[in-house]
Amino acid sequence: WAYPDMLEVGQLATFEEDRAHFGAWCVTSSPLTLGYDVTDDNITTRIWPIVANTKAIGVNQAWAGSPGRLVHSIPADANASTLRRRCGEGVAWACCDNAGNPSPPLCGIQVWAKPVNKTTGAVAVFLLNNQDTDLPNRSVSVDLGWFGVTGPAKVLSVWDSAAIHGPVSSSFNTDPFGGHDSRFYIVTPTTTPTVSPFPDIRTDSEAPTCEDRCFVGAAGASQPGLGHCCVGLNSSGNTPSCAMGCLFGRNTPTLEACRGTCIVARTAAQQGHCDFAAPETGNATIHMCASCVSGAPGDCRARFGPSVNRTSTCTVQSYEAWAPVRGCVLGDCFEGCLFHHGCPALDVHG
């Protein structure tokens, strides 16, 4: 999920900006961390309808395969030379391109969507108006196809809990709303969907192996991703990387124990040793390359792609000499631990 930092709700210029900001965090499954002075009762009273909106919070907390994403953009009515909002002037709400100039595509209306219920096929739809507040209000014809819903469907407004349309066949129109404001809906097909509109997280039976995850996008590539057991890119070193973390994961009971094994392995590598024994794996002797490459089927194999085995030798090489070639090798090992154990709410840093 996205983590765009704490909320500024309660500190923006208007109620509409506060609400739009909160909705954007909700539709992207972002952590909702209040960032205003919570002892200020005046602010709390003003923003309470926003931060206590149970439907918006429900969208944020729902999980149906995707954390939410941008599905459509509508350019601004004005061109770049007539946009009122200028970039680089310290404004709190700007829409600029990489060169720091006002951009009609960015300064228009963005449509974000997040599936919220696999059974019903319901999708949360958030429209954010990035136009300047002194430009005319705009109404949007929302195409259900933007977020993969096939009509007929019911449409419920999150902000005012009013059903605005239902059922609609292929699109619906919002009421006109101004710059820095938003509209938020839950769109639910009236018939059971046959295909999920968003890419889904695979089930356990369909999931790639831990090593395959280390090589996402690397099939047929000339270099592995994070996966080579010994060093990540070359077979001449002895520093554990992502695929080695997979081996550690299968031989440790918890994510924290796997992490500890990565640290022990790195220490051994820094001392120029290929062999080490970690308390987390029952003090069994592990050879950084041989245990990985020559292990039994299903063990942590070094390979260029999901189906190509790669053999190697473990040449003792100083960690300091090798490290500049590829940084963050310990992080690669942690990556394998995470791929195997998942990511429970543990205090894992680094």
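It should be emphasised that the depicted structure is a prediction, and the values quoted were computed from it without experimental measurement.

Visitor: Hey, could you run me through the packing of helix 1 (residues 15–27) against helix 2 (residues 41–51) in this one?
Guide: Each pair of packed helices can be summarised by the angle the axes make with each other and by the distance between the axes. Interhelical geometry of helix 1 versus helix 2 gives an angle of 40° and a closest axis separation of 10 Å. With respect to their mutual orientation, helix 1 and helix 2 come out oblique. For the element pair helix 1 and helix 2, the recorded crossing hand is right-handed. Across the interface between the two elements, Phe15, Asp18, Arg19 and Phe22 from helix 1 touch Arg46, Ile47, Pro49, Ile50 and Val51 from helix 2. Of the residues contributing to the contact of helix 1 with helix 2, the split by class is six nonpolar, no polar and three charged.

Visitor: Would you mind showing me how to read the pattern of salt bridges here?
Guide: Pairing between side chains of opposite charge can happen when the charged atoms of each approach one another. The tally for this structure, following the rule as stated, stands at five salt bridges. Note that Asp175 and Arg183 form a salt bridge whose closest N and O atoms lie 2.8 Å from each other. Note on Asp175: relative accessible area 39%, which makes it partly exposed. Residue classification places Arg183 among the buried residues on the basis of a relative accessible area of 13%. The partner of Arg183 in a salt bridge is Asp181, with the nearest N and O atoms 3.4 Å apart. Take Arg183 and Asp181: they sit in the same class, and that class is buried. Residues joined in a network through salt bridges with shared partners are Arg19, Asp175, Asp181 and Arg183.

Visitor: Can you help me understand the side chain of Asp181 in this one?
Guide: Locating Asp181 in the fold gives a position in the loop between strand 7 (171–173) and strand 8 (182–189). In this structure Asp181 touches Glu16, Arg19, Ala20, Leu127, Leu128 and Asn129, once residues within four positions along its chain are discounted.

Visitor: Got a minute to help me understand the pairing of strand 2 (residues 109–117) in this structure?
Guide: For a regular strand, the rule is simple: side chains alternate between the two faces of the sheet. Across the nine residues of strand 2, seven count as buried, placing the element largely inside the fold. As paired elements, strand 1 (residues 69–74) and strand 2 share five bridges and run antiparallel to each other. Directly across from Ser73, in strand 2, lies its bridge partner Gln110. Between strand 2 and the antiparallel strand that follows it, strand 3 (residues 122–129), lie four residues; Gly121 among them carries a positive phi value of about 80°.

Visitor: What is the right way to read helix 3 (residues 54–61) from this model?
Guide: Along an α-helix, residues three or four apart share an orientation, since each turn contains 3.6 residues. Within the span of helix 3, buried status applies to Ala56, Val59 and Asn60. For helix 3, the angular spread of buried residues about the axis comes to 100°, placing them on one side. When the buried face of helix 3 is taken as reference, the exposed residues oriented beyond 90 degrees from it are Thr54 and Gln61. Its buried side turned inward, helix 3 meets helix 1, strand 2, strand 3 and strand 8.

Visitor: Would you take a moment to explain the sheet that holds strand 2 for this structure?
Guide: Neighbouring strands of a sheet are bound in pairs by backbone hydrogen bonds; such pairs are parallel or else antiparallel. With antiparallel pairing, six strands are arranged side by side in an open sheet as 1-2-3-8-5-6. With one partner strand each, in any of the chains shown, strand 1 and strand 6 (163–168) form the two edges of the open sheet. For this sheet, the mean angle separating the axes of adjacent strands, direction not counted, is 20°. Note that strand 2 and strand 3 share eight bridges and pair antiparallel. When the bridges of strand 3 are listed, Ile109 appears paired with Asn129.

Visitor: Quick question: what am I supposed to make of the packing of aromatic side chains here?
Guide: The relative placement of two aromatic rings is captured by the distance of their centres and the angle of their planes. The tally for this structure, following the rule as stated, stands at four aromatic pairs. Ring geometry for Phe126 against Phe184: centres 5.2 Å apart, planes inclined by 80°, an arrangement best described as edge-to-face. In this pair, Phe126 sits in strand 3 while Phe184 sits in strand 8, placing the two residues 58 residues apart along the sequence. For the residue pair Phe126 and Phe184, the accessibility class agrees, reading buried in each case. Ring geometry for Phe248 versus Phe276: centroids 5.9 Å apart, planes at 90°, classification edge-to-face. Separated by 28 residues along the polypeptide, Phe248 in helix 5 (residues 242–250) and Phe276 in strand 9 (residues 275–277) bring together distant segments of the chain.

Visitor: For this particular structure, what's the right way to read the nonpolar core?
Guide: Nonpolar side chains tend to gather and get buried jointly when the protein is soluble and globular. One finds Phe22, Ala56, Phe126 and Phe184 to be the most contacted residues of the largest nonpolar core, which totals 25 residues. The dominant element in this core, judged by the number of residues it contributes, is helix 1, at six residues. Residues in contact with Phe22, not counting those within four places in the same chain, are Leu7, Val9, Leu32, Ile50, Val51, Ala56 and Ile57. Judged by nonpolar contacts, the second largest core, of 20 residues, contains Val111, Ala113, Val168 and Phe172.

Visitor: When you look at unusual backbone geometry in this model, what are you seeing that I'm missing?
Guide: Backbone phi values are negative for most residues with the exception of glycine, while trans is the configuration of most peptide bonds. For the bond running from Gly151 to Pro152, omega is 5°, close enough to zero to count as cis. Checked against the element boundaries, Pro152 lands in the loop between strand 4 (141–143) and strand 5 (153–157). Positioned with a positive phi, His180 is a non-glycine residue whose angle comes to about 70°. With respect to the secondary-structure elements, His180 resides in the loop between strand 7 and strand 8. His180 gets classed as buried once you look at its relative accessible area, which sits at 1%.

Rules and cut-offs
- Residues numbered from 1 in each chain as written.
- Predicted model: local features only at pLDDT ≥ 70, side-chain atom pairs only at ≥ 80, totals over all residues.
- Heavy atoms only, no water.
- Axes fitted to C-alpha atoms, helices over the stretch in contact; angles between N-to-C directions.
- Helix = DSSP H or I, 4+ residues; strand = E, 2+ residues; numbered from the N terminus.
- Parallel < 35°, antiparallel > 145°, perpendicular 65-115°, else oblique.
- Left-handed = near helix turned anticlockwise from the far one by under 90°.
- Contact = heavy atoms within 4.5 Å.
- Nonpolar A, V, L, I, M, F, W, Y, C, P; charged D, E, K, R; others polar.
- Salt bridge = Lys/Arg side-chain N within 4 Å of Asp/Glu carboxyl O.
- Buried < 20%, exposed > 50% of the residue type's maximum accessible area, 1.4 Å probe, protein only.
- Pairing = 2+ DSSP bridges.
- Arc of directions from axis to C-beta.
- Phe/Tyr/Trp six-rings, centres within 6.5 Å; stacked < 30°, edge-to-face > 60°.
- Core = buried A, V, L, I, M, F, W, Y, C linked by side-chain atoms within 4.5 Å.

In short, the description is geometric, and any link to function would need to be established separately.
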